[in-house]
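This is what each chain is made of:
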Amino acid sequence: MSALPNAKTVLTGVKPTGAPHIGNYIGAIRPALRLAAEHGRSYLFIADYHALNAVHDPKILREDSYQVAACWLALGLNPEKTVLYRQSDIPEIPELVTLLCAVTPKGLMDRSHAYKAAVDKNKAEGRDADADVNMGLYTYPLLMAADILIAQTDIVPVGKDQVQHIEFTRDMAGYFNNTFKNVFKLPNYQLESGVAGALLPGVDGRKMSKSYGNHIPVFIDSAARRKLVMKIVTDSKRPEEAKNPDENIIFQLYSHFATPEETMAMREAFTKGGMGYGDAKQKLYDVLEREFEGPTKIYNDYMANKKKLDDILDAGAARARKIARETLSKAREAVGLNGLPGVHAAAGEGQLQRKA
Ligand code: ADP
Ligand code: TRP
């Protein structure tokens, strides 16, 4: 494992919220896969406990969780290297939440963006401030801190909206380490936008987003993919007219999937004139097909064979629990509780060990 020059631990949690689109792929999935490949240890888990705060249909929670696993595997996650697991298969995580609760001020949760946003929305609508806010949403940062700290994580790749959670995680680790002893590593975040660059536009030119319904899903059949590409909005310039590629949705999408040479060729053809929108759409379709036809087949195979996914997730959970039990045991001993049975404290720390 530590044969790689960078022996740091990278960890990412993914909330199961439906199938990804090509913007999610470029902005979040691909950078996280690259980061995992570059580092000595990597963990990727399905944040199903977090999803449970909002999803109260057991069938949907189960199916969406499988979707996350199938998605990342299809897009190149190597489960031999990156430990892939369900958050809910690691009982040490909620136990660590209990320990963190003892050193976490309530005010920290009150300041959480996600909670404040819910309260502001309620107030704006003239409702009770805490209407529809459950304790899961309120304590979301505690669970997220436990996810991260339990694996002794160095780096968490995140979108901007998640930065506060990592700062809170560092705060909680600091409170604990200072109150008891140094058990937790303080994690750093790495912003996804720094890796990925610009946001992808949707077929209507606004930011590609599920909530606008202007997205191109990653896993669809070729005919549906073609149909969506053909829907991309263009102006009425004729093929022979010169066009500005940088104001052009087709070109912007194309540049994320084409080789540098292909991108340069389309840029020149648009700039000089002679590239019609129909032609360009066909080229975009071709590169999307090249990128996603194979993964879509793998994804569909996994979704039709859940046993395979269960086996991979079970094996991942067994690996993740090893570090989770070591960390939790240290934290329990630090506060004056028994360590976990069968987990040996690090040599030289002079901690009591319980018999298995
Ligand atoms: P959506 O807006 O479709 O609901 P999310 O907000 O769930 O997408 O985004 C999940 C992740 O995907 C974000 O962290 C963000 O980095 C990335 N992402 C979302 N939309 C885009 C986009 N249009 N271009 C690039 N990255 C995106
Ligand atoms: N909160 C993250 C999101 O909404 C998901 C998540 C849960 C997570 N636990 C995590 C991300 C730990 C990184 C590390 O996208």
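Quick note: structure is the one above.
Here the residue index of a chain counts from 1 through its sequence in written order. Chains carry letters and ligands carry numbers; both start at the beginning, A for chains and 1 for ligands, and go up in the order they are written. At least 70 in pLDDT is required for a residue's local features to be given in this predicted model, at least 80 for side-chain atom pairs to be given and counted, and no such filter applies to totals for whole chains, interfaces and linings, which use all residues. In computing side-chain values, all of the structure's heavy atoms are included and hydrogens and water are not.

Topic: the overall build of the protein chain
Then comes step 1: Put simply, DSSP H or I for four residues or longer makes a helix, DSSP E for two residues or longer makes a strand, and each gets a number counted from the N terminus. Helix and strand content of the protein chain: 15 helices and 5 strands.
Then comes step 2: With respect to the principal axes defined by its C-alpha atoms, the protein chain has extents near 80 × 55 × 35 Å.
Then comes step 3: When burial is assessed residue by residue, the protein chain has 49% of its 356 residues classed as buried.
Then comes step 4: Of the accessible surface of the protein chain, which amounts to about 17400 Å², a share of 53% is contributed by carbon and sulfur atoms.
Then comes step 5: Charge assignment in this entry is limited to Lys and Arg as positive and Asp and Glu as negative, and neither His nor the chain termini are counted. Charged side chains are reduced to one point each, which is NZ for Lys, CZ for Arg, CG for Asp and CD for Glu. Between the averaged position of the 46 positive side-chain charges in the protein chain and that of its 43 negative side-chain charges there is a distance of 2 Å. For the exposure calls, accessible area comes from a 1.4 Å probe over protein chains only, and a residue counts as buried if that area is under 20% of its type's maximum, exposed if over 50%, partly exposed in between. Areas reported as accessible are Shrake-Rupley estimates using a 1.4 Å probe. Residue values count occlusion only from the protein chains shown.

What to know about the site of ligand 2
Then comes step 1: Summary of the distance rule: residues count as near a molecule or strand when at least one heavy atom falls within 4 Å of that molecule or strand. Inspection of the region around ligand 2 gives Leu11, Gly13, Lys15, Phe45, Ala47, His50, Tyr140, Met144, Asp147, Ile148, Val156 and Gln162 as its neighbouring residues.
Then comes step 2: Pairing of N or O atoms within 3.5 Å defines a polar contact, subject to two protein rules: one partner must be a possible hydrogen donor and the other a possible acceptor, and residues neighboring in sequence count only if both atoms are side-chain atoms. Between ligand 2 and Gln162, the relevant distance is 2.9 Å, taken from a nitrogen atom to a side-chain nitrogen or oxygen of the residue.
Then comes step 3: Considered on its own, ligand 2 offers 370 Å² of accessible surface; in the complex 88% of this is hidden by protein.
Then comes step 4: For this classification, the nonpolar set comprises Ala, Val, Leu, Ile, Met, Phe, Trp, Tyr, Cys and Pro, the charged set comprises Asp, Glu, Lys and Arg, and every other residue, Gly included, is treated as polar. The class makeup of the residues in the shell around ligand 2 is 7 nonpolar, 3 polar and 2 charged.

Looking at the site of ligand 1
Then comes step 1: Residues in close proximity to ligand 1 include His21, Gly23, Asn24, Gly27, Ala28, Glu192, Leu199, Leu200, Lys207, Met208, Ser209 and Lys210, which together make up its full environment.
Then comes step 2: Here an oxygen atom of ligand 1 and a side-chain polar atom of His21 are 2.7 Å apart.
Then comes step 3: Contact between ligand 1 and Lys207: a nitrogen atom at 3.2 Å from a side-chain N or O atom of the residue.
Then comes step 4: Relative to its unbound accessible area of 540 Å², ligand 1 is 71% covered by the protein chains.
Then comes step 5: A total of 4 residues in the shell around ligand 1 trace back to one element, the largest contributor, which is helix H1 (residues 22-38).
Then comes step 6: Class assignment of the residues belonging to the shell around ligand 1 gives a composition of 4 nonpolar, 5 polar and 3 charged.

Digging into the pattern of salt bridges
Then comes step 1: One side-chain nitrogen of Lys or Arg within 4 Å of one carboxyl oxygen of Asp or Glu is enough to make a salt bridge. Under the definition given, this model contains 21 salt bridges.
Then comes step 2: Close ionic contact of Arg325 with Glu92 constitutes a salt bridge, the shortest N to O distance being 3.7 Å. Of this pair, Arg325 sits in helix H15 (residues 306-335) while Glu92 sits in helix H4 (residues 92-101), and the two are 233 residues apart along the sequence.
Then comes step 3: Its relative accessible area of 26% is what places Arg325 among the partly exposed residues.
Then comes step 4: Residue Glu241 pairs with Arg238 through a salt bridge whose shortest N-O separation is 3.7 Å.
Then comes step 5: Glu241 sits in the partly exposed class, given a relative accessible area of 27%.
Then comes step 6: You can call Arg238 partly exposed: its relative accessible area is 47%.
Then comes step 7: Put simply, Lys121, Glu125, Arg127 and Asp132 are held in one network by salt bridges that share partners.

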